Amino acid sequence: KPFGSLTIRKVDAQTQETLAGFYFKVVNHTTGFEQTVEAGKNGEVTIEDLPEGSYEVTEIAARFDYSLDATPQIGEVDWGSETVVVMKNEKKPSITIKKIDAETSEAIEGVHFEIKHKNTRQTYMGVTNAEGMIELIDVEEGWYEVTEVTPADGYISSDKVYEVYAKSGKPGHRQYDVALRQQNRFLLRRGFAREMLCTVGFQKHGVCLCHPAGKIC
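Residues numbered from 1 in each chain as written. Predicted model: local features only at pLDDT ≥ 70, side-chain atom pairs only at ≥ 80, totals over all residues. Heavy atoms only, no water.

Before we go on, may I ask you to explain the overall build of the chain in this structure?
Summing up its helical and strand segments, the chain has one helix and 16 strands in all. Counting every position in the chain, which comprises 217 residues, the buried fraction comes to 33%. Of the roughly 12800 Å² of accessible surface on the chain, a fraction of 50% belongs to carbon and sulfur atoms. (Helix = DSSP H or I, 4+ residues; strand = E, 2+ residues; numbered from the N terminus. Buried < 20%, exposed > 50% of the residue type's maximum accessible area, 1.4 Å probe, protein only. Areas by Shrake-Rupley, 256 points an atom, 1.4 Å probe, with all protein chains shown as cover.)

Structure follows, in structure tokens:
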């Protein structure tokens, strides 16, 4: 009997990167053949020794961060050849927020944000991690309002409302910078200067300038 093979290749619809962790059902409605397969680490799975004919490939389970595409595709298997069916998926809408210091560009951990869909008013709460980031996966597509609820210690609170659009395949992204509180910044800088003055023994009229009580150096 004439046999061929059917390869299913799963790729990202935007980047064309191959994707693992998707499940497919392969059916030949003429012969009654039916098999469930999973895309491997290389994003592919191959069924060998198939009789010639039309095979319907349907995605039945997607990775958590991708939308399921249940539209069947047909692969025509011919004798002695490999038939490749490419299945494309869009990433689910997501939102990424990054908080950085306005002066040093260093990530700021522990900042609380409220992220609210402008139409449905669906609300998410998040706290920036050690990389200063919050990532929401599998959100509804649309415009979101992003508001800082609680700043990190030593930072100015901001009541500004930002907007970001979450779209399938293209995650929304906002980066925020924030300055230290003016008073804290001044004290930090002045404290550093005082320490340097004392280290070198800087004096005026015999009084150590770095000591608020006027201690003699």
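There is more to say after this.
Mind showing me how you'd approach the environment of Asp 138 here?
Mapped onto the secondary structure, Asp 138 falls in the loop between β11 (133-137) and β12 (142-150). Sequence separation of Asp 138 and Asp 65 is 73 residues, and the distance between their C-alpha atoms is 6.6 Å. Look past the residues within four positions of Asp 138 in its chain and what remains in contact with it is Lys 92 and Pro 93. Side chain to side chain, Asp 138 and Lys 92 meet in a polar contact 3.4 Å long. (Contact = heavy atoms within 4.5 Å. Polar contact = N/O pair within 3.5 Å; in protein donor to acceptor, adjacent residues only side chain to side chain.)

Looking at this model, I keep getting lost on the sheet that holds strand β3 (residues 33-38). Mind explaining?
The pairing of strands in a sheet happens through backbone hydrogen bonds and is either parallel or antiparallel. Pairing in this open sheet of four strands is antiparallel, and the strands run β3-β2-β5-β6 from one edge to the other. The open sheet has two edge strands, β3 and β6 (73-77), and neither has a second partner. Between one strand axis and the next, the sheet turns by 25 degrees as a mean value, whatever way the strands run. When strand β2 (residues 23-28) meets strand β5 (residues 53-61), the two strands line up antiparallel, connected through five bridges. Directly across from Phe 24, in β5, lies its bridge partner Glu 59. (Pairing = 2+ DSSP bridges. Axes fitted to C-alpha atoms, helices over the stretch in contact; angles between N-to-C directions.)

Explanation requested: the packing of aromatic side chains in the structure shown.
The geometry of two aromatic rings is summed up by the distance between their centres and the angle between their planes. In total, this model carries three aromatic pairs according to the counting rule given. Ring geometry for Phe 22 versus Tyr 66: centroids 5.9 Å apart, planes at 70 degrees, classification edge-to-face. On the criterion of sequence distance, the pair formed by Phe 22 in the loop between β1 (3-12) and β2 and Tyr 66 in the loop between β5 and β6 is long-range, its members being 44 residues apart. Judged by centre distance (5.8 Å) and plane angle (80 degrees), the rings of Phe 33 and Tyr 55 are edge-to-face. Of this pair, Phe 33 sits in strand β3 while Tyr 55 sits in strand β5; the two residues are 22 residues apart in sequence, bridging distant segments of the chain. (Phe/Tyr/Trp six-rings, centres within 6.5 Å; stacked < 30°, edge-to-face > 60°.)

Quick question: what am I supposed to make of the nonpolar core here?
Generally speaking, a soluble globular protein has its nonpolar side chains buried in company with each other. Of all hydrophobic cores here, the largest spans 17 residues; its most connected members are Leu 6, Ile 8, Phe 24, Val 26, Val 37 and Val 57. At the level of elements, β1, β2, β4 (44-51), β5 and β7 (82-89) are the ones that each hand at least two residues to this core. Considering every element that reaches this core, the biggest residue donor is β4, with three residues. Leaving out residues up to four positions away in the same chain, Val 26 has contacts with Leu 6, Ile 8, Phe 33, Glu 34, Gln 35, Val 37, Ile 47, Tyr 55, Glu 56 and Val 57. If you look at the next biggest cluster of nonpolar residues, it comprises 15 residues, including Ile 108, Val 139, Ala 152 and Tyr 155. (Core = buried A, V, L, I, M, F, W, Y, C linked by side-chain atoms within 4.5 Å.)

Even after reading the chapter, I still don't get the sheet that holds strand β9 (residues 112-117), so can you show me in this structure?
The strand order β10-β9-β12-β13 describes an open sheet built from four strands, whose pairing is antiparallel. Strand pairing shows two members of the sheet lacking a second neighbour, β10 (123-127) and β13 (161-166), which therefore form its edges. The mean inter-strand angle of the sheet, taken between neighbouring strand axes irrespective of direction, is 30 degrees. Relative to β13, β12 runs antiparallel, the two sharing six bridges. Note that in β13 the partner of Tyr 144 across the bridge is Val 164.

It is not clear to me how the pattern of salt bridges should be interpreted in this structure. Could you clarify?
Pairing is possible between side chains that carry opposite charge, provided their charged atoms lie close to one another. Applying the stated criterion across every chain yields a total of eight salt bridges. When the shortest N-O distance is used, the salt bridge between Asp 65 and Arg 63 registers 3.0 Å. Residue classification places Asp 65 among the buried positions, given a relative accessible area of 10%. Notably, a salt bridge pairs Glu 145 with Arg 121, separated by 3.5 Å at the nearest N-O pair. Of the two residues, Glu 145 sits in strand β12 while Arg 121 sits in the loop between β9 and β10, which places them 24 residues apart along the sequence. The exposure class assigned to Arg 121 is partly exposed, which follows from its relative accessible area of 39%. (Salt bridge = Lys/Arg side-chain N within 4 Å of Asp/Glu carboxyl O.)

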